[in-house]
Amino acid sequence: MSAALNQEKVHDVLGIGFGPSNLALAIALEEHNRTAGNDPIEGMFFERQASFGWHRGMLIEGTTMQVSYLKDLVTMRNPASDFSFLSYLHAKDRLADFINHKTLFPTRVEYHDYLEWAAGRLDGVVRYDSEVVEVQPVDEHFEVVVRHGGQLAVHRARNIVMAVGLEASLPEGAELGERVWHNLDLMHRVPELTDEPKRCVVIGAGQSAAEVTDYLHRTFSDAEVCAVFGRYGYSPADDSPFANRIFDPQAVDDFYASSPEVRAKLMDYHRNTNYSVVDLELIEELYARAYQEKVRGAERLRILNASRLVDVDTRPNGAKVTVEFQPTGERSLLDADLLVYATGCRPRDPYALLAGLARHCEWDEQGSLQVERDYRVRTTGELPGAVYLQGGTEHTHGITSSLLSNGAVRAGEIRDSLVARRETPTHDYALSRN
């Protein structure tokens, strides 16, 4: 299928993906352009989903954010922004009600509504149901091939910002099926069930795994729910004040300036702020529920701790799951009507889209892209513009690479870099980058 060249002007920046990261960038550009006079930064964003959506499959009623509403799309960068969560509450006539709620952590459903509200105000700069399939440097700009409605079109841009989001991470050899899901699909798939499961198995030890276990146990009141993980118990997330400094904007500077050895230590020290950990309140709720069931002599919630998944025999109506208790090696066979892998997410691979640019990019000894402090991919200087990454930069920028915590500041830094590169000749800017 050939691609038709779109005749509209060359964009200053073209964004691939329109989740929270590039939404924050679109807002930063919008706010810049309000005072830019006749010299705005003209941007366009392409999103493969048919409408705005952020992890809709995990919008479980009652679950709350693990990040303060003050770390919304804008506040850490511009507290006076009319795109803030507080501005959203005011627009929805719920500001006083939220204040009376006395919380820093809105429900996930409400926060998603905030994101939709912000995205709706920027409809003019995003095209949904549009998948970017290729990026190539051509003369003085990039040509970006976009598939929309079965047709291919080529758009031109001086700079690219890639925010391709996260994808399901599965154990090696795992296969999804009619009754075998990843947790990202949970709320999409549950309504499709034609009968209630009698036994559910959840694999994983993190926040999502605990939330899925809690949801299935509450939703299917006759089902046995088996939580399988390698630890002796769910580990609580460290959200103490000093540890939370790892999410501060300054921590990105510190991490970037560190040696590879120090970076590795920092990641190891603070993995328990974000990875394979659970809010203490939810841990205590699940424990209390399991204890009360033991008191009553009717145990539906089974915690199969210190255990590992050995084998899965997928069937149309579920799966036969073999679980090994690691201290003794004893194995159990669970006949499950539903198996959910809550085994985390990983950054989507941007390299497929970068294929035409790979020879211009610089890589480190581990085969990872080298990235400048302003999130630009380090290149040989032969490209017509810059390629920025939002996500996939943990190895250079630390734990906040793909998290909401630093999204507002990161978007502002990318915007400022775009402005600086336009005002400074590219070759001079490249010479001064180090």
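Residues numbered from 1 in each chain as written. Predicted model: local features only at pLDDT ≥ 70, side-chain atom pairs only at ≥ 80, totals over all residues. Heavy atoms only, no water.

**Q** Is there a simple way to explain helix H4 (residues 108-120) in this structure?
**A** Three- or four-residue spacings in an α-helix give side chains the same orientation, since the helix completes a turn every 3.6 residues. In this model H4 runs 18 Å from its N-terminal to its C-terminal C-alpha over 13 residues, within 8% of the 18 Å that 1.5 Å per residue would give. Within the sequence span of H4, burial applies to Arg108, Glu110, Tyr111, His112, Tyr114, Leu115, Trp117, Ala118 and Ala119. Turning to H4, the residues buried within the fold contact helix H1 (20-33), helix H2 (85-91), helix H3 (95-101) and helix H6 (207-219). (Helix = DSSP H or I, 4+ residues; strand = E, 2+ residues; numbered from the N terminus. Expected span 1.5 Å × (residues − 1). Buried < 20%, exposed > 50% of the residue type's maximum accessible area, 1.4 Å probe, protein only. Contact = heavy atoms within 4.5 Å.)

**Q** Looking at this structure, how should I read empty space enclosed by the protein?
**A** Here the structure, examined in full by the defined rule, presents two cavities of 30 Å³ or more. Within this model, the largest cavity holds a volume of roughly 70 Å³. Along its surface, the largest cavity is lined by Pro20, Ser21, Ala24, Lys71, Asp72, Leu73, Tyr111, Leu403, Leu404, Gly407, Ala408 and Arg410. Estimates place the volume of the second largest cavity at around 60 Å³. Lining the second largest cavity are Ile246, Ala251, Val252, Phe255, Leu266, Met267, His397, Gly398, Ile399 and Thr400. Within the residue set of the lining of the second largest cavity, elements represented by two or more residues are helix H7 (249-257) and helix H8 (260-270). Top element by residues in the lining of the second largest cavity is H7. It accounts for three residues. Taken together, the residues of the lining of the second largest cavity break down into seven nonpolar, three polar and no charged. (1 Å grid on protein atoms, 1.4 Å probe; cavity = no way out; pocket = protein on both sides within 12 Å on 5 of 7 lines; lining within 4 Å. Points joined across faces, edges and corners; volume = space filled by probe spheres on them. Nonpolar A, V, L, I, M, F, W, Y, C, P; charged D, E, K, R; others polar.)

**Q** Honestly, the packing of aromatic side chains in this entry has me stumped. Any pointers?
**A** Scanning the model with the defined rule gives 15 aromatic pairs in all. An angle of 55° between the planes, with centres 5.4 Å apart, marks the rings of Phe18 and Phe45 as tilted. Taken together, the residues span a long stretch of sequence, with Phe18 in the loop between strand E2 (13-16) and H1 and Phe45 in strand E3 (residues 43-46) at a distance of 27 residues. Across the pair, Phe45 and Phe18 agree in class, each one buried. Members of the aromatic cluster, each reached through a chain of ring pairs, are Trp54, Tyr69, Phe83, Phe85, Tyr88, Phe98, Tyr111, Tyr114 and Trp117. Here Arg121 stacks its cationic end above the ring of Phe83, 3.9 Å away from the centre of that ring. (Phe/Tyr/Trp six-rings, centres within 6.5 Å; stacked < 30°, edge-to-face > 60°. Lys NZ or Arg CZ within 6 Å of the ring centre and 35° of its normal.)

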